Amino acid sequence: MAKEDWKIGESLDALNDLFYGGFGLIDANEPIELTWKNFDHNKELFGYDFTMEFYQEKLKQPNVFSTKIIQQNISALENGTGLTYFEMILEIIAEHKNITLITE
């Protein structure tokens, strides 16, 4: 968020918005090389347990989040078909064809 006097929200939606550009260092669809440091550590950190806690926290806010959808996501995670938080981040990055991910 260089060159901005505000901070982006802490959410996957906000991360996705950042990659669309228009604020910070990304203007639009220019080619971007995104270097993800500590990739393997983050893969472990943002895995199953983190994702389950993420969903459990959302369940505590039924006025904000759909408990039905969250429960479906939990069930999918439990049966091995759901995405971890880490995989959700990778999916968001992959949606932006102008971004080349470099892992370290």
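Attention in this report is confined to the structure presented alongside it. (Residues numbered from 1 in each chain as written. Predicted model: local features only at pLDDT ≥ 70, side-chain atom pairs only at ≥ 80, totals over all residues. Heavy atoms only, no water.)

**Some thoughts on the overall build of the chain**
Item 1. Along its length, the chain carries five helices and two strands.
Item 2. On the principal axes, the C-alpha backbone points of the chain span a range of 40 × 30 × 20 Å.
Item 3. Of all 104 residues assigned to the chain, the portion counted as buried reaches 33%.
Item 4. In the chain, once contacts between residues fewer than 6 apart in sequence are set aside, the share between residues at least 24 apart is 60%.
Item 5. Total accessible area on the chain stands at roughly 7300 Å², and carbon and sulfur atoms take up 51% of it.
Item 6. Charged side chains of the chain number 8 positive and 18 negative; the gap between the two group centres comes to 2 Å. (Helix = DSSP H or I, 4+ residues; strand = E, 2+ residues; numbered from the N terminus. Buried < 20%, exposed > 50% of the residue type's maximum accessible area, 1.4 Å probe, protein only. Contact = heavy atoms within 4.5 Å. Areas by Shrake-Rupley, 256 points an atom, 1.4 Å probe, with all protein chains shown as cover. Lys, Arg positive; Asp, Glu negative; His and termini not counted. Charge placed at Lys NZ, Arg CZ, Asp CG, Glu CD.)

**Let's talk about helix α5 (residues 85-95)**
Item 1. Among the residues of α5, Tyr 85, Phe 86, Met 88, Ile 89, Ile 92 and Ile 93 are the ones counted as buried. Relative to the axis of α5, the buried residues are bounded by an arc of 160 degrees and lie together on one face.
Item 2. Contacts from the buried residues of α5 go to α1 (12-20), β1 (32-36), α2 (39-45), α3 (48-59) and β2 (99-103). (Arc of directions from axis to C-beta.)

**Looking at α1**
Item 1. Here α1 has its buried residues at Leu 12, Ala 14, Asn 16, Leu 18 and Phe 19.
Item 2. Taken from the residues just after α1, Gly 21 is the one with a positive phi, measuring 90 degrees.

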